[in-house]
Amino acid sequence: MKEGTQNYGSLSKTEEGCGDTAGSRPTWFTLTKPRIASDGAEDVTYSGSKRALLNRWMKKVKVRGGDLEAFIGPTDHCVEAMLRQHGGLGLEYNSLDRNIIDTAAWHRRKTQLIKAKREGINDSFNGESRRAALKSSEDEGGFDHEAVKLLETERERMEWALVVAIGFFMAVIGVIVSRTADDLLEWKLESALEWLERDGDESYWYYGLAQHVATSTILAMFAFIPVAIAPVSGGSGIAEAKATLNGVVIANCTAISTCCCKAVSVICSVAASLPAGLEGPMIFMGLSIGENANRLVPRNRPAFDLLRTDRHRIDFAAIGCAAGVAAAFRSPVSGVLFAMEEGSSFWSTSLTWRCFLSACVTVITMYAIMSKVLGNGSGFHVSNMAVFNGIDTNSSSNLALGDSDHPEFYLWEYGMFMLVGSFGGIIGGLFCSANRALALLRRRLSFNIVQKGIEVFVIAAVTATLIWVLPSFFSRCGDIDIEPRRLGHTYYKQFTCEEGEYNELATLLLNPLGAKGITLLFTEDDPDAFSMSTCIIAGMTHLVILCVAFGMSISAGIFIPLLFIGACLGRALALICNIFLDEAWNIDPRTYAIIGAAATLGGVVRVLISLTAIVTHTTSLSFFMTPVMLTTLVAQNVGNWVSDRPGIYDVILQLRGVPFLEEECPVVGRNANIRARNVMRKNVVTVCAEMLVKDLVGILRSN
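Here is a short report on the structure shown in this document. (Residues numbered from 1 in each chain as written. Predicted model: local features only at pLDDT ≥ 70, side-chain atom pairs only at ≥ 80, totals over all residues. Heavy atoms only, no water.)

Structural notes on the overall build of the protein
Line of reasoning, step 1. Helix and strand counts for the protein come out as 26 helices and six strands.
Line of reasoning, step 2. Within the protein, buried positions represent 51% of all 703 residues.
Line of reasoning, step 3. Taking contacts inside the protein between residues at least 6 apart in sequence as the whole, the part at least 24 apart equals 74%.
Line of reasoning, step 4. Accessible area of the protein: about 34000 Å², with a carbon and sulfur share of 59%. (Helix = DSSP H or I, 4+ residues; strand = E, 2+ residues; numbered from the N terminus. Buried < 20%, exposed > 50% of the residue type's maximum accessible area, 1.4 Å probe, protein only. Contact = heavy atoms within 4.5 Å. Areas by Shrake-Rupley, 256 points an atom, 1.4 Å probe, with all protein chains shown as cover.)

This is how it looks when you write it as structure tokens:
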């Protein structure tokens, strides 16, 4: 090699000319040091470089001030060739977004900026100075990189503003929905339980039952009405979110009206004491907010046209999903992981950062609203943001973070965790199969809107009756003043027990599942606080009701009910094991309540990473990371083996016939040895560019 030269990777002559480049291979070219021309300017020779290619192309089109409209940039093929280059002088094009180059509005806006820049040069310089400035712009590839960077910066600022707005609005909606649902449920339960506090005959028990059933059914019908108006607002909403992020267009799925209907429906469903959670619908609300975020983009700014494309619309929807999870569990990292694991089909590093920012804004805004607006001096602390950590805002002495007595486990218990995961997978597989059978039954029966309303009414009445009657028949009372009691007396329900006692089953069934029920099971360290039979009855009751109710015409999530069911059964399993174990080997019921909750939820929805983050963050127990990881992994595999089907959300997509594109080809397709002739036909039907509608309809009907 000659002295004064350097080797760089380049493209062959075929690829250099931007012709047919299939099969072309990189070659080497020589970059010669600059030589001084006669006029004193540096003349750089690029033998075979793409920079020389662009310079020659620019000279051909002869771009000058008044002819700038002719400039539309290099062809797509040349851009791809330059982006494939990993060395040399074409690397400045790596900063250009492919979508920007392909956008006509971007070309127009870029041309306007370049023209303004050139006119500024013409006004500011004369003679040799103006020619030197123009030549400098030409040497940069024929367009002003500074103007392009300014346009990109303007677009990025608007994009980040939308990301922050998504997080803020999701936080406000999340606080409104969660507080309204919890307050309505507390009011309904307390007003019914007040009948039992009156001195008199047993007829007050029936008055309380009647009021509880009546208010529950009324609220259930209010939950049904929005779904009757907008049927797509029914269910959890996560299945629709997965389909939307996969690129499937579902009519009116993410409309603002659908979001409002889902919010009203889920509030009434939770208040009606149905086994419903806010988490799935809140994720859907985040999806709707994000998907409609580009409506805020000004239409009179050509620089923002890219933010209204389908790609950015889907990205904003994924950001909204992350914000929805963060609002539901007050965990920003869980939101990002859920959007990545279960939501978006297309992921990138930039999308990760945007999801992270939006989720962070959501949690910070919720903290600000709860502490400053709704706190009212009640001692709300940042540690209260962990929803299941056992911190009571009304009692500063019960702070779990300052207490050394926390759930614990030993090395040998990892085998037990795998056993719990197996049980969770079995429950999840059976649940998915049973719920699928019920969905097929509903399809065969073809309920009209009146029959769907009757179904909601009957299930709500039966549920309200069961959770009121069961604590009376299986009445086991405990001492509310016995030490230690980690939570305040408001968590425990006296029901039919004597003064100073609480009814175990009523405490679990007549409390909000997420706000109090799961927290009690996770944090109550007294093994005798809830007996084995109490936990089994509470868990199985909600499991059966959830399996029947999930699929009727209301909006309801299943995260919280499944966590409650798993916590009940996991705590019961620990109590059963302690009967046969020596006292020195007794296991902590709280530990198995947490592990059981993760196993049951993982067995039904088949999520791993985000579920682990949700459980460890909401309980403030980071050292439970590996037990939860192991448990969910076992639960997922056992659930797949038991039901031979994917999770409940994929089952919903299959039943609804949503064309969801899976990551992997189905096993049947991989093993069927399908050839092109198997999916083709000899008599091909064609359509013309111009034809009558009736002819097109006839072709579609006959084929």
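Some words on the packing of helix H9 (residues 238-245) against helix H24 (residues 648-655)
Line of reasoning, step 1. For the pair H9 and H24, interaxial distance at closest approach is 9 Å and the crossing angle is 70°. The angle between the axes of H9 and H24 places the two elements in the roughly perpendicular class. Touching Ile238, Ala239, Lys242 and Ala243 of H9 are Tyr649, Asp650, Ile652 and Leu653, all from H24.
Line of reasoning, step 2. Taken together, the residues that form the contact of H9 with H24 break down as six nonpolar, no polar and two charged. (Axes fitted to C-alpha atoms, helices over the stretch in contact; angles between N-to-C directions. Parallel < 35°, antiparallel > 145°, perpendicular 65-115°, else oblique. Nonpolar A, V, L, I, M, F, W, Y, C, P; charged D, E, K, R; others polar.)

Thoughts on the environment of isoleucine 609
Line of reasoning, step 1. Its location among the elements puts isoleucine 609 in helix H22 (residues 609-619).
Line of reasoning, step 2. Remark: the alpha-carbon pair of isoleucine 609 and leucine 337, spanning 272 residues in sequence, is separated by 6.7 Å.
Line of reasoning, step 3. Setting aside its immediate chain neighbours within four residues, isoleucine 609 contacts Leu337 and Glu341.

Here we look at the packing of aromatic side chains
Line of reasoning, step 1. Scanning the entire structure with this criterion turns up 18 aromatic pairs.
Line of reasoning, step 2. Where tyrosine 502 meets phenylalanine 530, the ring centres are 6.4 Å apart and the plane angle is 70°; that geometry is what we call edge-to-face. Of this pair, tyrosine 502 sits in strand S6 (residues 501-503) while phenylalanine 530 sits in the loop between helix H18 (513-523) and helix H19 (532-549), and the two are 28 residues apart along the sequence.
Line of reasoning, step 3. For tyrosine 502, a relative accessible area of 0% translates into the label buried.
Line of reasoning, step 4. Owing to a relative accessible area of 0%, phenylalanine 530 belongs among the buried residues under this scheme.
Line of reasoning, step 5. Joined through ring pairs, the aromatic side chains of Phe409, Tyr414, Phe417, Tyr592, Phe623 and Phe624 make up one cluster.
Line of reasoning, step 6. A cation over a ring is seen here: lysine 262 above phenylalanine 284, with NZ or CZ 4.8 Å from the ring centre. (Phe/Tyr/Trp six-rings, centres within 6.5 Å; stacked < 30°, edge-to-face > 60°. Lys NZ or Arg CZ within 6 Å of the ring centre and 35° of its normal.)

A closer look at the state of the cysteines
In protein chemistry, a disulfide is the covalent bond that joins the sulfur atoms of two cysteines.
Line of reasoning, step 1. The tally for this structure, following the rule as stated, stands at one disulfide.
Line of reasoning, step 2. Covalently, cysteine 477 is tied to cysteine 497 through a disulfide, its sulfur atoms 1.9 Å apart. Between cysteine 477 and cysteine 497, the S-S torsion sits near -85°, and that sign places the bridge as left-handed. Taken together, the positions of cysteine 477 in strand S5 (residues 477-479) and cysteine 497 in the loop between S5 and S6 put the pair 20 residues apart, joining distant regions of the chain.
Line of reasoning, step 3. Free cysteine: cysteine 259, not disulfide-bonded; nearest cysteine sulfur from cysteine 260 at 5.6 Å.
Line of reasoning, step 4. Look at cysteine 259 and you get buried, because its relative accessible area is 8%. (Disulfide = S-S within 2.5 Å.)

Digging into the side chain of glutamate 413
Line of reasoning, step 1. As for its placement among the helices and strands, glutamate 413 is situated in helix H15 (residues 413-445).
Line of reasoning, step 2. Look at glutamate 413: it is buried, it has no salt bridge, and the nearest opposite charge is arginine 590 at 11 Å.
Line of reasoning, step 3. Side-chain polar atoms of glutamate 413 contact the backbone nitrogen of tyrosine 410, separated by 3.0 Å.
Line of reasoning, step 4. If near-sequence neighbours (up to four positions away) are discounted, glutamate 413 is found in contact with Ile587 and Tyr592. (Lys, Arg positive; Asp, Glu negative; His and termini not counted. Salt bridge = Lys/Arg side-chain N within 4 Å of Asp/Glu carboxyl O. Polar contact = N/O pair within 3.5 Å; in protein donor to acceptor, adjacent residues only side chain to side chain.)

A look at the nonpolar core
Line of reasoning, step 1. Ranked by size, the top nonpolar core spans 153 residues in total, and within it Leu521, Ile558, Ile648 and Tyr649 carry the most contacts.
Line of reasoning, step 2. Looking at this core element by element, the count peaks at 14 residues for helix H7 (residues 145-193).
Line of reasoning, step 3. When near neighbours in sequence (up to four residues on either side) are disregarded, leucine 521 contacts Leu508, Phe530, Cys535, Phe564, Ala567, Cys568, Arg571, Arg590 and Ala593. (Core = buried A, V, L, I, M, F, W, Y, C linked by side-chain atoms within 4.5 Å.)

Some words on the pattern of salt bridges
Line of reasoning, step 1. Per the stated rule, a full pass over the model turns up 11 salt bridges.
Line of reasoning, step 2. With a shortest N-O distance of 2.4 Å, glutamate 291 and arginine 313 are connected by a salt bridge. You can see glutamate 291 sitting in helix H11 (residues 279-291) and its partner arginine 313 sitting in helix H12 (residues 310-329), a full 22 residues away along the chain. Each member of the pair, glutamate 291 as well as arginine 313, is classed as buried.
Line of reasoning, step 3. Measuring nitrogen to oxygen at the nearest pair gives 2.9 Å for the salt bridge that ties arginine 590 to aspartate 588.
Line of reasoning, step 4. Exposure remark for arginine 590: the relative accessible area of 3% places this residue in the buried category.
Line of reasoning, step 5. Residue classification places aspartate 588 among the buried positions, given a relative accessible area of 12%.

Overview of a nonpolar patch on the surface
Line of reasoning, step 1. A surface patch of nonpolar side chains, about 600 Å² in accessible area, is lined by Ile449, Val450, Ile454, Phe457, Val458, Val462 and Leu466.
Line of reasoning, step 2. By the element assignment, phenylalanine 457 lies in helix H16 (residues 449-473). (Patch = residues over 30% accessible without salt bridge, like charges linked within 9 Å, V, L, I, M, F, W, Y side chains within 5 Å.)

A word on helix H20 (residues 559-580)
Line of reasoning, step 1. An ideal rise of 1.5 Å per residue puts 32 Å on 22 residues; H20 measures up with 32 Å between its terminal C-alpha atoms.
Line of reasoning, step 2. By the criterion of burial, H20 is predominantly enclosed, with 19 of the 22 residues buried. (Expected span 1.5 Å × (residues − 1).)

Points about H12
Line of reasoning, step 1. Taking 1.5 Å of rise per residue, the 20 residues of H12 would be expected to cover 28 Å, and the 29 Å separating its terminal C-alpha atoms lies within 8% of that figure.
Line of reasoning, step 2. Burial within H12 is extensive, with 18 of its 20 residues counted as buried.
Line of reasoning, step 3. Positive phi shows up at arginine 330, right after H12, with a value of about 55°.

Regarding the packing of H19 against H20
Line of reasoning, step 1. Put simply, H19 and H20 touch, their axes get as near as 8 Å, and they point 150° apart. Classified by the angle their axes make, H19 and H20 are roughly antiparallel. In this structure, H19 meets H20 at a crossing whose hand is left-handed. Only Pro561, Leu562, Phe564, Ile565, Cys568, Leu569, Arg571, Ala572, Leu575 and Ile576 of H20 make contact with H19, whose side of the interface consists of Met532, Cys535, Ile536, Ala538, Gly539, Met540, His542, Leu543 and Leu546. (Left-handed = near helix turned anticlockwise from the far one by under 90°.)

Brief notes about unusual backbone geometry
A negative phi angle characterises most non-glycine residues, just as the trans form characterises most peptide bonds.
Line of reasoning, step 1. Within the chain, asparagine 252 stands out as a residue other than glycine whose phi angle is a positive 60°.
Line of reasoning, step 2. Overall, asparagine 252 belongs to the exposed group, its relative accessible area being 59%.
Line of reasoning, step 3. Positive phi is not limited to glycine here, since serine 273 has a value of about 65°.
Line of reasoning, step 4. You can see serine 273 is positioned in the loop between helix H10 (256-271) and H11.

Everything listed here is a matter of coordinates, which is why it stays silent on function.
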